[in-house]
Amino acid sequence: MNFRKQIIIFLLGITVVILGLHSCKSKKQIVAAAPVEEKVNVDLFTDILNNQFSFKTFSSKLNLNLSSGTKSLSSKASLRIVKDKAIQLSVQPLFGVEMLRLYADRDSLVLLDRMNKRYVKESIEDVKRMYPVGFDYKTLQSLLTNQVFVSGQTDVIYSDYDKFSTDQLSDMHYLLKSVDKKSGIEYSFTIDGNDRIALTHLIEPKDHYSMNWRYDDFVMESHKAFPRKMDVALASTRRKVNVGLEFSGITLDEDFDLQVSVPGSYTRATLSDIVKILTNN
């Protein structure tokens, strides 16, 4: 073998090694759940809060899967959150063209239907009356970011442990359970051995509304574990809807703000109109 061939083989070998190292580095490892340790209520709640994912702003690409009965929809989407201020979900099914935009802040919810040039604007209080499973802005933000919430509170503090009953479900999970006194909605958090929320469950027993929000595929983001997969099951006596969220390209603490404006050519619709159209089509 001459010197030139040796150089080419050497360079190819270096290239393969570099590419191999790069691919290993870019692929984040899933952090498996560990068995639970015996803890008293206050210690368990303290560890949960200390291990929660923290951020000032959050943005991510999404693969969104929606199914109801025999009908299903898959779409690209993007999610942006300014902590404790606003959430924006943009649904882009084809070539990055936005079809729907959902915006929520502490006071209102706005839905823009780009395809039909319509919009919905409702106060959070009115939405709560129409759809009792789900409390407020803080609840929605907590569900999307794998965090504990206390109904009616904007912040959760260590002493809130006494608002929950605590049981050990198995050697892998604890259960925190509470009830919203105003609405009667029961809500609970299934906690794994790494003090992460594996499942959030809400039920409104009077009208039989329920929601299961399951978290999976935890990876390390900014030194804290975050679930790359979320599966949401919504149910009433008349309808069941399943939503799958797969996160990628998560970016934290960028400097941005979120606002929404309604084009003057859009006509106003009701939230129930939009929900009916989405579930039927």
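For clarity, every value in this text was computed on a predicted model and none was experimentally measured.

*Asks:* Give me the pattern of salt bridges: which residues, what numbers.
*Replies:* Inspection of the entire model under this criterion finds 10 salt bridges. Put simply, arginine 114 and glutamate 98 hold a salt bridge, and the shortest N to O gap is 2.8 Å. With a gap of 16 residues between them, arginine 114 in the loop between β5 (108–113) and β6 (118–123) and glutamate 98 in the loop between β3 (86–92) and β4 (100–105) connect regions that are remote in the sequence. Note that arginine 118 and aspartate 113 form a salt bridge whose closest N and O atoms lie 3.0 Å from each other. Of the two residues, arginine 118 and aspartate 113, neither departs from the other in class, the shared state being buried. Among the charged side chains, a salt-bridge network with shared partners connects Lys39, Asp47 and Asp195.

*Asks:* Give a detailed account of helix α2 (residues 41–50), specifying residues and quantitative values.
*Replies:* Looking only at α2, the buried set comprises Leu44, Phe45, Ile48 and Leu49. An end-on view of α2 places all buried positions within 130 degrees of arc, on one side of the element. Where the residues of α2 are buried, they touch β7 (165–168), β8 (173–179) and β9 (186–192).

*Asks:* Can you explain the packing of aromatic side chains? Please cite residues and give values.
*Replies:* Taken as a whole, this structure holds 13 aromatic pairs when the rule is applied. With centroids separated by 5.7 Å and ring planes inclined at 35 degrees, the aromatic side chains of phenylalanine 45 and phenylalanine 164 adopt a geometry described as tilted. Pair noted here: phenylalanine 45 is in helix α2 and phenylalanine 164 is in the loop between α4 (137–144) and β7, with a separation of 119 residues, a long-range link. Accessibility expressed as a relative area gives 1% for phenylalanine 45, which makes it buried. On the numbers, 5.4 Å between centres and 45 degrees between planes, the contact of phenylalanine 58 with phenylalanine 226 is tilted.

The rules behind these values
Residues numbered from 1 in each chain as written. Predicted model: local features only at pLDDT ≥ 70, side-chain atom pairs only at ≥ 80, totals over all residues. Heavy atoms only, no water. Salt bridge = Lys/Arg side-chain N within 4 Å of Asp/Glu carboxyl O. Helix = DSSP H or I, 4+ residues; strand = E, 2+ residues; numbered from the N terminus. Buried < 20%, exposed > 50% of the residue type's maximum accessible area, 1.4 Å probe, protein only. Arc of directions from axis to C-beta. Contact = heavy atoms within 4.5 Å. Phe/Tyr/Trp six-rings, centres within 6.5 Å; stacked < 30°, edge-to-face > 60°.

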